[in-house]
Amino acid sequence: TINAMAFSLQNETFHGVEESLEDIEKKLIRPVSSHSIDQDPLRMLRAIRYRCTLDGFDMDKGLKEEILFKKEKILRIPGERIKTELDQILLSSCPAMGMKSLFESDLFLTLFPELKGLENLGQNEHHHLDVLSHTLLIIEKMSWAFEWVAQNHRNIFLTQEDWLSLFYAGLFHDIGKQDTYSKDEKERVHFYYHESFSVQAAERIMERLRFSNLTKNKILHLIRNHMRILNLSWETKETALKRLVNQIGEETPLLVLLTLADKEASRGILSIQIDEVVEKHCLRILELFKEKEIVHPPPLIT
């Protein structure tokens, strides 16, 4: 109702559906009619987008219940329209709240059925959450990672496309864990080579949602390498860090942010112990990346 209104400049009359002005005053997101979602199921995503982009607004209780009941209708919508709404939710000031709303309304797993196997999938002592909860938390920790880097005097400039690549890489980076779950003789959990399985699943999702090839390749590059920095040790030499920067290339700052967010969203017993190692390497990698740009600046025209 809050955007189903108009004002005539010709005769200065206001036209709006019933209680539209009252809903604005109450900061309430409510459908115009009981047929609104049936006519365009994308309105379910748009309602969540409004919740993330309009300060203090919330969804009507009846609307929340209707979305739960009609969630499957979202699958009728073309992938590019779905991605447009998801992009705006992720680029809003409250992306974590947006993902939580999608999950609570069952839209998240309806849109991404490939992630269903992550729900209640236990992890090792590096993590304190199951894989799906960790995946949702990483979205919240992206802003923390960006601020932490700035506080340590390593400013990173990100475009909207960079932010989206980071968020989607965070959502898809651990999909492969459901296919690689194993336990050793000491009952320790492992996910060997889960990055490769995550890349395959993420590629299928992005093709369905019509991602551009440029964005898709950037996200896959981040997923494929998201364990590289986390697996470094105190003994890792400078030459190995330089080699990593050369291999990751222009996405190096994004990989650092993804690594920091991933680490912070883990917070298991061993994760806390390796904080200092990961953070030290992240800062040095950013220094090396900056030096690389000075010595070998990117071409003005690609």
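Above this note sits the structure.
As a convention, each chain's residues are numbered from 1 in the sequence order in which they are written. Reporting of local features is limited, given that this is a predicted model, to residues whose pLDDT is at least 70; pairs of side-chain atoms are given and counted only at 80 or more, and all residues count toward the totals for whole chains, interfaces and linings. Where side-chain values are given, they derive from all heavy atoms of the structure, hydrogens and water being excluded.

As for the overall build of the protein
By the criteria applied, helices consist of DSSP H or I runs no shorter than four residues and strands consist of E runs no shorter than two, each listed in order from the N terminus. Helix and strand content of the protein: 16 helices and six strands. Reported as C-alpha extents along the three principal axes, the dimensions of the protein are approximately 75 × 50 × 30 Å. Working definition: with a 1.4 Å probe on protein chains only, accessible area under 20% of the residue-type maximum means buried, over 50% means exposed, and in between means partly exposed. Within the protein, the fraction of its 302 residues that count as buried is 50%. The criterion used for residue contact is that any of the two residues' heavy atoms lie within 4.5 Å. Considering only contacts within the protein whose residues lie at least 6 apart along the sequence, 71% involve residues at least 24 apart. Using a 1.4 Å probe, accessible areas were evaluated by the Shrake-Rupley method; residue-level cover was limited to the displayed protein chains. Summed over its atoms, the accessible surface of the protein is roughly 15900 Å², and 52% of this surface lies on carbon and sulfur atoms. Each charge sign in the protein was given a centre, from 39 positive and 47 negative side chains, and these centres are 3 Å apart. Charged residues are defined narrowly, with Lys and Arg counted positive, Asp and Glu counted negative, and His plus the chain ends left uncounted. Working definition for charges: the position is that of NZ of Lys, CZ of Arg, CG of Asp or CD of Glu.

Digging into the side chain of Lys 70
Among the structural elements, Lys 70 can be located in helix H4 (residues 61–70). On the basis of relative accessibility, which here comes to 12%, the residue Lys 70 falls in the buried class. Throughout this description, a polar contact denotes any pair of N or O atoms lying within 3.5 Å of each other; where both atoms belong to protein, one of them has to be capable of donating a hydrogen while the other can accept it, and for residues adjacent in sequence the pair is counted only when both atoms sit in side chains. A polar atom in the side chain of Lys 70 sits 2.8 Å from the side chain of Glu 66. In this view, Lys 70 contacts Ser 34, Ile 37, Asp 38 and Met 44; residues no more than four positions away in its chain are not counted.

Comments concerning the nonpolar core
Grouped together as the largest cluster of nonpolar side chains are 86 residues, with contacts concentrated most on Phe 108 and Phe 172. In terms of residue count, helix H8 (residues 131–151) provides more of this core than any other element does, 10 residues in total. With near-sequence residues (within four places) excluded, Phe 172 lies in contact with Phe 112, Ser 198, Ala 202, Ile 205, Met 206 and Ile 223. Side-chain atoms within 4.5 Å are what join buried Ala, Val, Leu, Ile, Met, Phe, Trp, Tyr and Cys residues into a set we call a nonpolar core.

Structural notes on the environment of Phe 197
Within the secondary structure, Phe 197 sits in helix H11 (residues 194–208). Ignoring any residue separated from it by four or fewer positions in sequence, one finds Phe 197 in contact with Gly 176, Asp 179 and Thr 180.

Topic: the side chain of Ser 105
Relative to the helices and strands, Ser 105 is located in the loop between helix H6 (95–104) and helix H7 (107–111). Within the structure, Ser 105 has its side chain in polar contact with the backbone oxygen of Ser 101 (distance 2.9 Å). In contact with Ser 105, other than residues within four places in its own chain, are Ile 48, Ile 67, Leu 68 and Lys 71.

Quick word on unusual backbone geometry
The phi torsion at Asn 120 lies on the positive side, around 65°, for a residue other than glycine. You can see Asn 120 is positioned in the loop between H7 and H8. In this structure Asn 120 comes out as exposed when scored by relative accessible area, which is 66%. Phi is positive for His 153, close to 60°, though the residue is something other than glycine. Topologically, His 153 is positioned in the loop between H8 and helix H9 (160–172).

Some words on the packing of aromatic side chains
Think of it this way: a Phe, Tyr or Trp ring, Trp meaning its six-membered ring, pairs with another when their centres are within 6.5 Å, and the plane angle makes it stacked under 30 degrees, edge-to-face over 60, tilted otherwise. Counting across every chain of the model gives eight aromatic pairs. On the basis of an interplanar angle of 25° and a centroid distance of 5.8 Å, the ring pair of Trp 163 and Phe 167 is categorised as stacked. Taken as a pair, Trp 163 and Phe 167 lie in helix H9 at a separation of four residues, close to a single helical turn. Residue classification places Phe 167 among the buried positions, given a relative accessible area of 5%. The structure contains a cluster of three or more aromatic residues connected by ring pairs, namely Phe 108, Phe 112, Tyr 168, Phe 172 and Phe 211. Two conditions define a charge sitting above a ring: the NZ of Lys or the CZ of Arg must be within 6 Å of the ring centre, and it must be within 35 degrees of the ring normal. Note that Lys 83 overlies the ring of Phe 211, its terminal NZ or CZ placed 4.8 Å from the centroid.

Description of a nonpolar patch on the surface
Like charges are joined within 9 Å and nonpolar side chains (Val, Leu, Ile, Met, Phe, Trp, Tyr) within 5 Å, but only among residues with over 30% relative accessible area and no salt bridge; these make up the patches. We count a salt bridge whenever a side-chain nitrogen from Lys or Arg sits within 4 Å of a carboxyl oxygen from Asp or Glu. Residues Phe 7, Leu 9, Phe 14, Leu 21 and Ile 24 make up a contiguous nonpolar surface patch of roughly 530 Å² in combined accessible area. Note on placement: Phe 7 falls in strand S1 (residues 5–7).

Comments concerning the packing of helix H3 (residues 43–53) against helix H5 (residues 79–90)
Angles run from 0 to 180 degrees between N-to-C directions of axes, and those axes are lines fitted to C-alpha atoms, restricted for helices to the stretch in contact. The interhelical angle for the contact between H3 and H5, taken along N-to-C directions, is 15°, at an axis separation of 9 Å. Regarding the angle of H3 to H5, the classification is roughly parallel. For the crossing formed where H3 meets H5, the hand is left-handed. Within the contact between the two elements, H3 uses Leu 45, Arg 46, Ile 48, Arg 49, Cys 52 and Thr 53 and H5 uses Arg 81, Ile 82, Glu 85, Leu 86, Gln 88 and Ile 89. Amino acids are sorted into nonpolar (Ala, Val, Leu, Ile, Met, Phe, Trp, Tyr, Cys and Pro), charged (Asp, Glu, Lys and Arg) and polar (every other residue, Gly among them). Counted by class, the contact of H3 with H5 contains six nonpolar, two polar and four charged residues. We call two directions roughly parallel when the angle between them is under 35 degrees, roughly antiparallel when it is over 145, roughly perpendicular when it lies between 65 and 115, and oblique otherwise. In this scheme the crossing of two helices becomes right-handed for a clockwise turn of the near helix relative to the far one and left-handed for an anticlockwise turn of less than a right angle.

A closer look at H3
Judged by how many residues are buried, H3 sits mostly within the fold: eight of 11 residues are covered. Listing the buried residues of H3 in full gives Met 44, Leu 45, Ala 47, Ile 48, Arg 49, Tyr 50, Arg 51 and Cys 52.

Some remarks on the environment of Ser 182
Along the polypeptide, Ser 182 turns up in strand S5 (residues 181–183). In sequence terms Ser 182 and Pro 78 are 104 residues apart; their C-alpha atoms lie 37 Å from each other. Apart from the residues within four sequence positions on either side, Ser 182 is in contact with Arg 188, Val 189, His 190 and Tyr 192.

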